[in-house]
Amino acid sequence: MVRCGAAVLRKYSNFIDDLRVYVRGGTGGMGYPNLGGEGGRGGDVWFIARERTTLKSIREKYPQKRFVAGTGANSSVKALKGEKGKDCEVYVPLGISVLDDDGKQIGELNAAGERFLAARGGLGGCLATNFLPCKGQRRAVHLDLKLIADIGLVGFPNAGKSSLLRKISHAKPEVANYAFTTIQPELGKIMYPDYKQISVADLPGLIEGAHANKGMGHKFLKHVERTKQLLLVVDISGFQLSIKTQFRTAFETILLLTKELELYKEELLTKPALLAINKMDLPCAKDNLDELMTQLENPQDFLHLLEEEMIPANTLEFREVIPISTYTGEGIEELKTCLRKSIDEQAEQVNEDYRKKKLLLLQTSKEELMNRNWHS
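Residues numbered from 1 in each chain as written. Predicted model: local features only at pLDDT ≥ 70, side-chain atom pairs only at ≥ 80, totals over all residues. Heavy atoms only, no water.

Q: Outline the pairing of strand 14 (residues 318–323), supporting the account with residue identities and numerical values.
A: With four bridges joining them, strand 13 (residues 273–278) and strand 14 adopt parallel strand pairing. From the neighbouring strand, Ala-276 faces strand 14, where its bridge partner is Ile-322. Crossover strand 13 to strand 14 through helix 6 (residues 285–297) is right-handed. (Pairing = 2+ DSSP bridges. Helix = DSSP H or I, 4+ residues; strand = E, 2+ residues; numbered from the N terminus. Right-handed = clockwise from strand over helix to strand, strands pointing away.)

Q: Can you break down the environment of Ser-76 residue by residue, with the values?
A: Following the sequence through the fold, Ser-76 ends up in the loop between strand 3 (66–68) and strand 4 (88–92). Residue Ser-76 is classed as partly exposed on the basis of its relative accessible area of 27%. The spacing of Ser-76 and Leu-35 is 41 residues in sequence and 8.8 Å in space, taken between C-alpha atoms. (Buried < 20%, exposed > 50% of the residue type's maximum accessible area, 1.4 Å probe, protein only.)

Q: Before we move on, can you summarise helix 5 (residues 250–264) with the specific residues and values?
A: Taking 1.5 Å of rise per residue, the 15 residues of helix 5 would be expected to cover 21 Å, and the 21 Å separating its terminal C-alpha atoms lies within 8% of that figure. Burial analysis of helix 5 places 14 of its 15 residues in the buried class, which makes it a mostly covered element. (Expected span 1.5 Å × (residues − 1).)

Q: Explain the state of the cysteines residue by residue, including any values.
A: Under the counting rule described, the total for this entry stands at zero disulfides. Free cysteine: Cys-134, not disulfide-bonded; nearest cysteine sulfur from Cys-126 at 7.2 Å. The exposure class of Cys-134 is partly exposed, given its relative accessible area of 28%. (Disulfide = S-S within 2.5 Å.)

Q: Run through the sheet that holds strand 7 (residues 115–119), naming residues and quoting values.
A: Here we have three strands laid out as an open sheet, ordered 4-2-7, and mixed in their pairing. Every interior strand has two partners, whereas the edge strands, strand 4 and strand 7, have only one. Neighbouring strand axes in the sheet, compared pairwise and without regard to direction, differ in orientation by 30° on average. Both strand 2 (residues 45–49) and strand 4 contribute to a ladder of five bridges, which runs parallel. Bridging from a neighbouring strand, Ile-48 pairs with Tyr-91 of strand 4. (Axes fitted to C-alpha atoms, helices over the stretch in contact; angles between N-to-C directions.)

Q: An account of the layout of surface pockets is needed here, citing residue identities and associated values.
A: Roughly 650 Å³ of volume is contained in the largest pocket. Along the wall of the largest pocket there are 21 residues; nearest its centre are Arg-52, Leu-94, Leu-147, Ile-148 and Leu-187. Per-class residue counts for the lining of the largest pocket are ten nonpolar, five polar and six charged. (1 Å grid on protein atoms, 1.4 Å probe; cavity = no way out; pocket = protein on both sides within 12 Å on 5 of 7 lines; lining within 4 Å. Points joined across faces, edges and corners; volume = space filled by probe spheres on them. Nonpolar A, V, L, I, M, F, W, Y, C, P; charged D, E, K, R; others polar.)

Q: Can you lay out the sheet that holds strand 10 (residues 186–191) for me, pointing to particular residues and giving the numbers?
A: Within the open sheet, the six strands sit side by side as 10-11-9-12-13-14. Their pairing is mixed. At either margin of the open sheet sits one strand with a lone partner, and together these are strand 10 and strand 14. Adjacent strand axes in the sheet meet at a mean angle of 25° when their direction is disregarded. Note that strand 9 (residues 149–154) and strand 11 (residues 197–202) share three bridges and pair parallel. Bridged to Gly-152 within strand 11 is Ala-201.

Q: Give me the pattern of salt bridges: which residues, what numbers.
A: Evaluated as defined, the whole model comprises 24 salt bridges. Between Asp-87 and Lys-84 there is a salt bridge, with the nearest N and O atoms lying 3.0 Å from each other. On the accessibility criterion, Lys-84 (41% relative accessible area) is partly exposed. One salt bridge connects Arg-226 with Glu-108, and the closest N-O pair in it is separated by 2.6 Å. On the criterion of sequence distance, the pair formed by Arg-226 in the loop between helix 4 (217–221) and strand 12 (227–235) and Glu-108 in strand 6 (residues 105–109) is long-range, its members being 118 residues apart. Residue Arg-226 is classed as buried on the basis of its relative accessible area of 15%. (Salt bridge = Lys/Arg side-chain N within 4 Å of Asp/Glu carboxyl O.)

Here it is as structure tokens:
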């Protein structure tokens, strides 16, 4: 049975991945009609991406969640051109999407130092405005956080994702023998001898129907979007959420996880994926693994095991399938090696695609130049 105590529920409130804030650009300064002086423009409100920043820290530092830029200086005899109002700069975490109140994305901040103009300051008084100042832009926006990581751990509750994160990184997520131990995303880093680091996000366990926001579906599935690769973690002995729900074998679990990802956003299935088969220390694990590997080699032959509505349109093709035990440590080093290899191969592919694109642009430019010279 699933147990989720009050202490666990309170812990979830420590993690915030959506924050609604009010932003207002500064009002412009008054113009000076007698001498044609222009008031200063109102300050702007900027969101700036910075590492080691959280939405929780923003909420605690600014409990009113209001960000207002400074008013432009009035024009005067001493300074006909008024100074611009002071900008309001708000530091936000990496991986932020800025949404308006209708849910439309109006900006995105993924790298440290990236800036987004949240509210523009109003014009200062000038001839065009009859020397009267204009008010700044004002609106409410949502800061929607999607974690950025190299690897996203995906699995049903109690598959051993948190234990795996503890084994491969320095992260210390809570681990216990009941479902929904992880009720907030956890980030860890795998450290390699050559100082290479790979970031891993442990996402809270999905349940059947997560795509439709059952459990906390959307709240967690959205964090998969910005991970470079997926690592599905599956219990070799199968999974059953509670005595009231149907037991699922390891193979059925893989298909159901694929279905949930597909229904939430089909593009997720285009990400490179690896599969970790956990709890290989359990009795009958070897026999179960042999059966699972046969099913994975020809998945189409075993789709009849699931109800038709549970079958994904496309099955995931795993780069590697690694049997592991977070209890004994079996397969952990091999898994770390496979993750490193997969991430390096993807980076090399991205670089190769970039080189080809640059070469194509260069060739196109040369051809256009030759055509222009020929016609002239």
